[in-house]
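Architecture and fold: a report
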Amino acid sequence: MRDFDSKPMPLDQADGLRRLFARHRVKFIPVVSNPHVAFGGMMLERLCAGFAEHGLHVLVADASERASAASELAMMDLADAIEPLSAQVSYLAARGLPIRHVDASGSTAPFLQALADAVPQADVVLVHAPATELCRLFARSAELARRSGDDSALVRPLLLADDRPASVTHAYAAIKLLTQRAGLVVHDLLLGAAPHSPRAERIAMQLATCADDFLGAVLRDWVRLDPAALAGEAPSEDLRRLVRETLRLEAVPASMAAPYYVDRPQQTAAGRAMN
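Here is what the cut-offs are and how they apply
Residues numbered from 1 in each chain as written. Predicted model: local features only at pLDDT ≥ 70, side-chain atom pairs only at ≥ 80, totals over all residues. Heavy atoms only, no water. Helix = DSSP H or I, 4+ residues; strand = E, 2+ residues; numbered from the N terminus. Buried < 20%, exposed > 50% of the residue type's maximum accessible area, 1.4 Å probe, protein only. Contact = heavy atoms within 4.5 Å. Areas by Shrake-Rupley, 256 points an atom, 1.4 Å probe, with all protein chains shown as cover. Salt bridge = Lys/Arg side-chain N within 4 Å of Asp/Glu carboxyl O. Patch = residues over 30% accessible without salt bridge, like charges linked within 9 Å, V, L, I, M, F, W, Y side chains within 5 Å. Polar contact = N/O pair within 3.5 Å; in protein donor to acceptor, adjacent residues only side chain to side chain. Pairing = 2+ DSSP bridges. Axes fitted to C-alpha atoms, helices over the stretch in contact; angles between N-to-C directions. pLDDT = per-residue confidence, 0-100. Parallel < 35°, antiparallel > 145°, perpendicular 65-115°, else oblique. Left-handed = near helix turned anticlockwise from the far one by under 90°. Arc of directions from axis to C-beta.

Describing the overall build of the protein
Secondary structure summary: the protein contains 9 helices and 8 strands in total. Going through the 275 residues of the protein one by one, you find that 49% of them count as buried. Across the protein, contacts joining residues at least 24 apart in sequence account for 80% of those joining residues at least 6 apart. Summing over all exposed atoms, the protein offers an accessible surface of approximately 13300 Å²; the carbon and sulfur share of this is 55%.

Next up, the structure:
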């Protein structure tokens, strides 16, 4: 007779996260919102352009301080609330949504699974939210990755800042929260500054030094984005490098990169929404 007492225990709640992050198609990227950045929407647009060059579909889940509150549709069916901005970019106004997926442990990670289910064609999901919210979303997956020794499963938060002191202070505070609460110690930075800004490199170096000296955290890479750049401009080589490293891809010759087709007026409206 089969010994039913010896059968394996049911899969724990974390199993869903393991399977979710193991899906090679979906790359979740926590983007730390910064209310002191004047051109946050532009930065997200440029980031979307960088991923779209690789023929990837990007979902922007915007739960930032400036995002619109989630619609009633999102409360009933997440997929119905997602707005297609182009063939390669979708947008969800998600302020207030993650906490509606909180579980008994205080994690809102089930929201990530809901996003993946709502947009099955998405290859990249940019989760644009405050650091406190990103801690609730990604702390559990970070812990699982550390326990398994799978460094490739660890997400790398992307900070936003510009060359004004308030935005830099906010970015540093975000590093502290993500490091101490979620165990996410490696970060990247998008810095909005004019091409010849004398402060840009100094700001990046100061952030990196403070993160290392006081938090044991790492600012792995940073990219300067010109706030005056036109929406239709191709991504800079630095941004392309950041995208490739985020996706763990080899360099793609410019002649082979997929064009970033988008309705520019509609994309501009998206930039306003994501500001």
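Things to note about the pattern of salt bridges
Applying the stated criterion across every chain, the model contains 12 salt bridges. In this structure, the salt-bridge partner of Asp188 is Arg220, at a minimum N-O distance of 3.2 Å. Here Asp188, found in strand 7 (residues 186–192), pairs with Arg220, found in strand 8 (residues 218–225); they are 32 residues apart in sequence, far enough to count as distant. For Glu245, the salt bridge goes to Arg220, with nearest N and O atoms at 2.8 Å.

What to know about a nonpolar patch on the surface
Nonpolar side chains collect at one region of the surface, where Leu73, Met75 and Met76 lie side by side and expose about 320 Å² of accessible area between them. By the element assignment, Met76 lies in helix 3 (residues 72–76).

Examining the side chain of Ser167
Tracing the chain through its elements places Ser167 in helix 6 (residues 165–182). Accessibility expressed as a relative area gives 0% for Ser167, which makes it buried. A distance of 2.7 Å separates polar atoms of two side chains, one belonging to Ser167 and the other to Asp162. Residues contacting Ser167, with those up to four places away along its chain left out, are Asn34, His36, Val37, Ala161 and Asp162.

A few points about the sheet that holds strand 8
Within a sheet, adjacent strands bond to each other through the backbone by hydrogen bonds, running parallel or antiparallel. Taken together, 8 strands build an open sheet; the order of strands is 3-4-2-5-1-6-7-8 and the sheet is mixed. Because the sheet does not close on itself, it has two edges, and the strands there are strand 3 (83–84) and strand 8. Alignment of strand 1 (residues 27–32) against strand 5 (residues 124–129), held across 6 bridges, turns out to be parallel. Opposite Lys27, over in strand 5, you have Val124 as the bridge partner. Packed onto the sheet, helix 6 meets strand 1, strand 6 (158–162) and strand 7 and runs at close to 165° relative to strand 6.

Structural notes on the confidence of the model for the protein
Per-residue confidence for the protein gives a mean pLDDT of 85, with 80% of residues at or over 70. Note that residues 1–11 has pLDDT below 50 and, in this model, 0 contacts with residues that lie over four places away or in other chains. In the predicted structure, residues 251–270 sits below a pLDDT of 50 and forms 32 contacts with residues beyond four places in sequence or in another chain.

Quick word on the environment of Leu126
By the secondary structure assignment, Leu126 is in strand 5. Through-space distance from the C-alpha of Leu126 to that of Phe28 is 6.2 Å; in sequence the pair is 98 residues apart. Leaving out residues up to four positions away in the same chain, Leu126 has contacts with Ile29, Val31, Leu47, Cys48, Phe51, Val58, Leu59, Val60 and Ala61.

Topic: the pairing of strand 2 (residues 58–62)
Consecutive residues of a regular strand have side chains that alternate between opposite faces of the sheet. Counting buried residues along strand 2, 5 of its 5 residues qualify, which places the element largely inside the surrounding structure. Alignment of strand 2 against strand 4 (residues 89–93), held across 5 bridges, turns out to be parallel. Pairing of Val58 across the sheet is with Val89, part of strand 4. Direction of pairing for strand 2 relative to strand 5: parallel, over a ladder of 5 bridges. Residue pairing across strands places Val60 opposite Leu126, the latter belonging to strand 5.

Let's talk about the packing of helix 5 (residues 131–148) against helix 6
Where helix 5 contacts helix 6, the axes come no closer than 8 Å and their chain directions differ by 40°. Taken together, helix 5 and helix 6 sit at an angle that is classed as oblique. Our pair here, helix 5 against helix 6, has a crossing hand that is right-handed. Only Ala174, Leu177, Leu178, Arg181 and Ala182 of helix 6 make contact with helix 5, whose side of the interface consists of Ala131, Thr132, Leu134, Cys135, Ala139, Ala142 and Arg146.

Points about helix 4 (residues 110–118)
Regarding helix 4, the residues found buried are Phe111, Leu112, Leu115, Ala116 and Ala118. Down the axis, helix 4 shows its buried residues gathered within 165° of arc, on one side only.

A closer look at the environment of Leu178
Structurally, Leu178 is set in helix 6. Distance in space between the C-alpha atoms of Leu178 and Leu134 is 7.7 Å, their sequence separation being 44 residues. If sequence neighbours within four positions are ignored, Leu178 has contacts with Val32, Ala131, Leu134, Cys135, Pro157, Gly183, Leu184 and His187.

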